Amino acid sequence: MKRAALFYVVTLGVVIAAIAAVLHFGSSLPSPGGSQAVAQGAGASLAGQADHTWIGTGLRGPLMRLLLQLLVIIAVARLVGKLFARVGQPSVVGEMSAGILLGPSLFGWLMPGAFAAVFPESSLGSLRLLSQIGVCLFMFTVGMELDVGQLRSRAHTALMVSHVSIVFPYLLGVVLAWFLFSDLAAAGARFTPFALFMGISMSITAFPVLARILRERRMTRTSLGSTALTCAAVGDVTAWCILAFVVAIARATSLEAAGLNLLLTAAFIAVMLWGARKALRAWLGEARLASEAPSESTLAAVVCLVIAAALAAELVGLHALFGSFLAGVIVPDRHGFRHKLDVRVENFSSVFLLPLFFAFTGLRTQVGLLHDASGWLVCLLIVAVATLGKLGGSALAARFTGMGWSESLQLGALMNTRGLMELIALNIGYDLGILSPRIFTMLVIMALVTTVLTGPLLTLFAARKAATADLPEPTRA
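Residues numbered from 1 in each chain as written. Predicted model: local features only at pLDDT ≥ 70, side-chain atom pairs only at ≥ 80, totals over all residues. Heavy atoms only, no water.

Asker: Hey, could you run me through the overall build of the protein chain in this one?
Answerer: From N to C terminus, the protein chain includes 20 helices and zero strands. The buried share of the protein chain, taken over its 477 residues, is 53%. Expressed as a percentage of contacts within the protein chain between residues at least 6 apart in sequence, the contacts between residues at least 24 apart total 82%. (Helix = DSSP H or I, 4+ residues; strand = E, 2+ residues; numbered from the N terminus. Buried < 20%, exposed > 50% of the residue type's maximum accessible area, 1.4 Å probe, protein only. Contact = heavy atoms within 4.5 Å.)

So, in C-alpha cells, the structure goes:
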C-alpha cells in the first residue's frame, strides 16, 4: 500500500512539473502559418462543390434538405453499426465510422455532386445545432451512469489507475504538441491551449463504450470489469473537469480573464454539486422518485434542468456539455429513478440525435488532407503515442496496486477506449479555433483506431493469461 501511494505521489508530481515546463518553454514557439491555407482550401473546395446541383430544384427549402439529411444519416448509421456489431465491434464504433463515410473522405470523394446536394456548407448550421442537442442529452445520461457508491468502494485502485492513466498520456500529448504546433495548429492559435488540448485528446477514456464492451463480453460483474468501470468513471470525471478548465483558459484573452474563468468554473461546479443537487432532491420527493414511471411534469422539469445547466455552463465560459453532464450527476438514484429516466432519454438520443453528431464530425474530417507520407507518419505517431500513454500508464499503475500483468494489460486495453468522448473533446477544440482541419482529422482517426483495437487487445491479453495458466509447473529435483 505504501509503495503504491509513493508511486502515485511521485508520478503525479514529476508529470505535472514536466507539463508545466513544456508549456512554459513552448510559449516561445513560432505561431502556425500553414494551417490557415489548408483550412481555407478545404472550405473553398466544399463551397465549390455546393455550387453544383444534383437533384435539381427538388430540394427547394431548408426543411426538405434537413429531412433528407436526417434520413440518410440515420439509415447509414444503423446499417454500418449493425455491420460492425457482426464482426465483434460495438455498434457505436460503426456509427462513428458511418459519420466519416458520409463526409468528404468517401461520399464527397466518390460522388461530389450528390454530396454537395445533400450536405451543402450552407445547411450545416441546422445539423450542427441538432447534433449539439443530442450530445447534451447523451452527456446527461453519462452523468447518471456514475455510481458514487462503487467509486467509494474501489477508491484506492480507481484513483491511482485513473489518474496515472490521465497524467502520463497527458504529458506525452503536451510533449508531442511541442513538435506539431507550428505545422498543425490552427492559424492564430496559442501554444498553451493547443498543448493542453493535445494532452486531453490523449487522456480521455470513453466510459459508455467501455461499459458496452464489458456487457457484450459478460465481464461487468467480474473483478476486472468492475475495476475497469470504476477507473473509467473516475477518469471520466477527472478528464472532464480538466477539459472544463482547459476551455476556460482557451476562451480567456488574458491572464486575468483566465483566472476569472477558472473561478467561475469552480463556483459553477460547487453550486451544481451541492446547491442544485439538494434542491432537486427536495423538489422530487419520495413520491416522484418511487413512482413506476416519471410523469410528464417530472420529465419536463428534468429537461428544463438539463437545458438550464447547459445554459449556465455557457454563461460562465464553459461548454454546454459540462452543464449537461453535471445535471446527470446530481440526479438522485433512489428507487431506480435514474434508470427510469435513462430508458426514456437514451434511446431517443442514441438512435436519432447522436448519429447527427457523428455525421457532423465526419463532415469536418477530411482524410484527403493526409495526402503525403509525412502526414500518415504523423498520424501513426499520434496513434502510437496515445496507445503507449493510455495503455502503458494504466497497466503500470494497475501493476503497482497488486494486479497481475495479464489483468493489468487488459485493464490498460479497456482504458485505451476513446470513442465518442474523444470526438466531443476534439469538436470543442475545433470550434475554439485551436485544432486545424489536418490535426483534427488525425485525432479522429486516432480515436477510431484505439477504440477498434480495444476488443482484439483484450482478447490477446486474456489468451496470454490462459496460455500461461495452462503451462505445467516445473518439477523439482
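Still more to cover.
Asker: What should I look at first to understand the packing of helix α7 (residues 124-144) against helix α16 (residues 337-364) in this one?
Answerer: Close contact between α7 and α16 brings their axes to 7 Å; oriented N to C, the two are set at 140 degrees. Viewed along their axes, α7 and α16 adopt a mutual orientation that is oblique. Relative to α16, the crossing made by α7 is left-handed. Across the contact of α7 with α16, the residue classes break down as 17 nonpolar, five polar and five charged. (Axes fitted to C-alpha atoms, helices over the stretch in contact; angles between N-to-C directions. Parallel < 35°, antiparallel > 145°, perpendicular 65-115°, else oblique. Left-handed = near helix turned anticlockwise from the far one by under 90°. Nonpolar A, V, L, I, M, F, W, Y, C, P; charged D, E, K, R; others polar.)

Asker: Sorry, what's going on with the packing of aromatic side chains here?
Answerer: The geometry of an aromatic ring pair is captured by two quantities: the separation of the ring centres and the angle between the planes. The full count for this structure, using the stated rule, is eight aromatic pairs. Between the aromatic rings of phenylalanine 107 and phenylalanine 115, the centroid separation amounts to 5.8 Å while the plane-to-plane angle is 90 degrees, which identifies the pairing as edge-to-face. Relative accessible area serves as the criterion here: at 17%, phenylalanine 107 is assigned to the buried category. Three or more aromatic residues joined by ring pairs form one cluster here, namely Trp178, Phe181, Phe191 and Phe194. (Phe/Tyr/Trp six-rings, centres within 6.5 Å; stacked < 30°, edge-to-face > 60°.)

Asker: Whenever I open this one, the side chain of serine 165 confuses me. Can you help?
Answerer: Tracing the chain through its elements places serine 165 in helix α9 (residues 155-184). Accessibility expressed as a relative area gives 0% for serine 165, which makes it buried. Not counting residues up to four positions away in its chain, the partners in contact with serine 165 are Ser203, Lys390, Ser394 and Met415.

Asker: Any chance you could explain helix α3 (residues 62-86) here in plain terms?
Answerer: Counting along an α-helix, one turn takes 3.6 residues, and residues three or four places apart therefore face a common direction. A rise of 1.5 Å per residue sets the reference length of α3, with its 25 residues, at 36 Å; its end C-alpha atoms lie 36 Å apart and thus fit the reference within 8%. Among all positions of α3, only Arg65, Leu66, Gln69, Leu70, Ile73, Ala77, Val80 and Gly81 are buried. Where α3 is buried, its residues contact α4 (91-101), α6 (112-118), α7 and α16. The positive-phi residue at the C-terminal boundary of α3 is glycine 88, with phi of around 90 degrees. (Expected span 1.5 Å × (residues − 1).)

Asker: When you look at unusual backbone geometry in this model, what are you seeing that I'm missing?
Answerer: Peptide bonds are trans in most cases, and residues, glycine excluded, mostly fall at negative phi. The phi dihedral of histidine 335 is positive, around 60 degrees, even though this residue is not glycine. One can find histidine 335 in the loop between α15 (320-329) and α16.

Asker: Quick question: what am I supposed to make of the confidence of the model for the protein chain here?
Answerer: Should the pLDDT be low somewhere, the predicted coordinates at that spot are not to be read in detail. Taken over all residues, the pLDDT of the protein chain has a mean of 81, while the share at 70 or more is 87%. Every residue in residues 35-57 is under pLDDT 50, and counting partners more than four places away or in other chains gives 29 contacts. (pLDDT = per-residue confidence, 0-100.)

Asker: Please clarify how the packing of helix α10 (residues 191-203) against helix α19 (residues 419-431) should be interpreted in this entry.
Answerer: The geometry of a pair of packed helices is captured by two quantities: the angle between their axes and the separation between those axes. Direction vectors running N to C along α10 and α19 enclose 170 degrees, while the axes themselves pass 9 Å from each other. Judged by the angle between their axes, α10 and α19 are roughly antiparallel. Contacts between α10 and α19 pair Phe197, Ile200 and Ser201 from the former with Glu422, Ala425, Leu426, Ile428 and Gly429 from the latter. Grouping the constituent residues of the contact of α10 with α19 by class yields five nonpolar, two polar and one charged.

Asker: I tried to follow helix α1 (residues 2-26) on my own but got confused; where do I start?
Answerer: In this model, α1 (25 residues) spans 36 Å end to end at C-alpha, consistent with the 36 Å of a helix rising 1.5 Å per residue. Buried within α1 we find Ala4, Phe7, Tyr8, Thr11, Leu12, Val15, Ile19, Val22, Leu23 and Gly26.

Asker: Whenever I open this one, the pattern of salt bridges confuses me. Can you help?
Answerer: Pairing of side chains with opposite charge becomes possible as their charged atoms draw close. A full pass over the atoms with the stated rule returns five salt bridges. Of the charged contacts in the structure, one is a salt bridge between aspartate 431 and arginine 364, with a shortest N-O distance of 2.4 Å. In this pair, aspartate 431 sits in helix α19 while arginine 364 sits in helix α16, placing the two residues 67 residues apart along the sequence. If you follow the salt bridges from partner to partner, you end up with Arg128, Arg364 and Asp431 in one network. (Salt bridge = Lys/Arg side-chain N within 4 Å of Asp/Glu carboxyl O.)

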